[in-house]
Amino acid sequence: MKLSGNTIFITGGGSGIGRELAEALHKRGNRVIIGGRRRSHLDEVAAANPGMAAIELDITQPASIERVAAQLIAEYPDLNVLINNAGIMEPDDAAGHIDDALLVSTMTTNVLGPIRMTSALIDHLKTRDNAVVAYTSSVLAFVPLAVTAVYSSTKAALHSYVLSQRFMLRDTSVRVLEIAPPWVRTDLMNSREAEQAMPLDAFIAETMAVLGTDVDEVLVESAQPFRANPGPGEHAFVNAFNAQAAELFGRR
Ligand SMILES: NC(=O)c1ccc[n+]([C@@H]2O[C@H](COP(=O)([O-])OP(=O)(O)OC[C@H]3O[C@@H](n4cnc5c(N)ncnc54)[C@H](OP(=O)(O)O)[C@@H]3O)[C@@H](O)[C@H]2O)c1
């Protein structure tokens, strides 16, 4: 996608990947609006980046999505890019009882949220040139991490939805992109200090370089083996990955 001159709404822009992406795009000459629940985080990011705007959004609430979409269209009629980045990740136990609150909140935030957010803005985006809908999925969309089975399944669902939506929008001005990060140092799963995870600044630098090309799937180099995995060798790859992860997280 072109990396300047856009008006961009990014969900989950108050922290982690969303914040760094918002700041990188802001610096490249885009009008950036961030969304999320925690007002303090939104205010801090907006204050650190003069010109950036912030809107409170709870992606689990259809009414909040509708309100934000209406506000965006009214206040930023040039809006041409939506980045569905907000997401949550909690450990679960697919071998045992699954906490229903975890199940519902993860599915609602990671799957229903981005689908609803896009649905609320798509008619507007179709009227814009160079429109983009991007989704932050994960390499776990392609290779599940067994100790976060529900989360992994939400990202696989999102990947599937992206493929359908890209096909359905093929004759419009709207491109559909998928950003599938590897493990990155953020607050997600308390990974800020995780040595095995990719440093956030390196991830954003590499992601911006790929985002500036014309690819549909934005993958940093270390994410590519996960993307290349599906196929007849899938089970061996998934089992080996999870055996390694079990050692790391100390779980069977
Ligand atoms: N870090 C990784 O290793 C990694 C790897 C692959 C994919 N990802 C994906 O990258 C995305 C960003 O995660 P991150 O690593 O940057 O973690 P993060 O810092 O925890 O960011 C998640 C963001 O989502 C927002 N959010 C969560 N629930 C929301 C809700 N109901 N409504 C609106 N916003 C909500 C949060 O803001 P509020 O809490 O203020 O609402 C927060 O800013 C997620 O989709 C995640 O699945 C991360």
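Preceding this paragraph is the structure being described.
A quick note: this is a predicted structure, and the numbers were derived from the prediction, not measured.

A. Structural view of the site of the ligand. Residues in close proximity to the ligand total 27 residues, the closest being Ile 17, Arg 37, Tyr 151, Val 184 and Thr 186. Asp 58 is positioned such that a nitrogen or oxygen atom in its side chain is 2.9 Å from a nitrogen atom of the ligand. Between Asn 85 and the ligand, the recorded distance is 2.8 Å, taken from a backbone N or O atom to an oxygen atom. When the ligand sits alone it has 870 Å² of accessible area, and the protein chains cover 95% of it.

B. The sheet that holds strand β5 (residues 131-136), seen in detail. Read from one edge of the open sheet, 7 strands run β3-β2-β1-β4-β5-β6-β7, paired in parallel fashion. Two strands in the sheet have a free side with no partner beyond their single neighbour: β3 (53-56) and β7 (217-218). Here strand β4 (residues 81-84) pairs with β5 via 4 bridges, running parallel. Looking at the pairing, Leu 82 lines up with Val 133 of β5. The sheet contacts of helix α3 (residues 62-75) involve β1 (7-11), β2 (31-36) and β3, and relative to β3 the element is tilted by about 150°.

C. View of unusual backbone geometry. One non-glycine residue, Met 189, lies in positive phi territory at about 55°. Counting through the fold element by element, Met 189 comes out in the loop between β6 (174-179) and α6 (200-211). Among the residues examined, Met 189 registers a relative accessible area of 29% and is labelled partly exposed. A positive phi angle, close to 50°, is found at Asn 190, a residue other than glycine. Mapped onto the fold, Asn 190 is located in the loop between β6 and α6.

Each value, and the rule that gives it
- Residues numbered from 1 in each chain as written.
- Predicted model: local features only at pLDDT ≥ 70, side-chain atom pairs only at ≥ 80, totals over all residues.
- Heavy atoms only, no water.
- Near = heavy atom within 4 Å.
- Polar contact = N/O pair within 3.5 Å; in protein donor to acceptor, adjacent residues only side chain to side chain.
- Areas by Shrake-Rupley, 256 points an atom, 1.4 Å probe, with all protein chains shown as cover.
- Pairing = 2+ DSSP bridges.
- Helix = DSSP H or I, 4+ residues; strand = E, 2+ residues; numbered from the N terminus.
- Contact = heavy atoms within 4.5 Å.
- Axes fitted to C-alpha atoms, helices over the stretch in contact; angles between N-to-C directions.
- Buried < 20%, exposed > 50% of the residue type's maximum accessible area, 1.4 Å probe, protein only.

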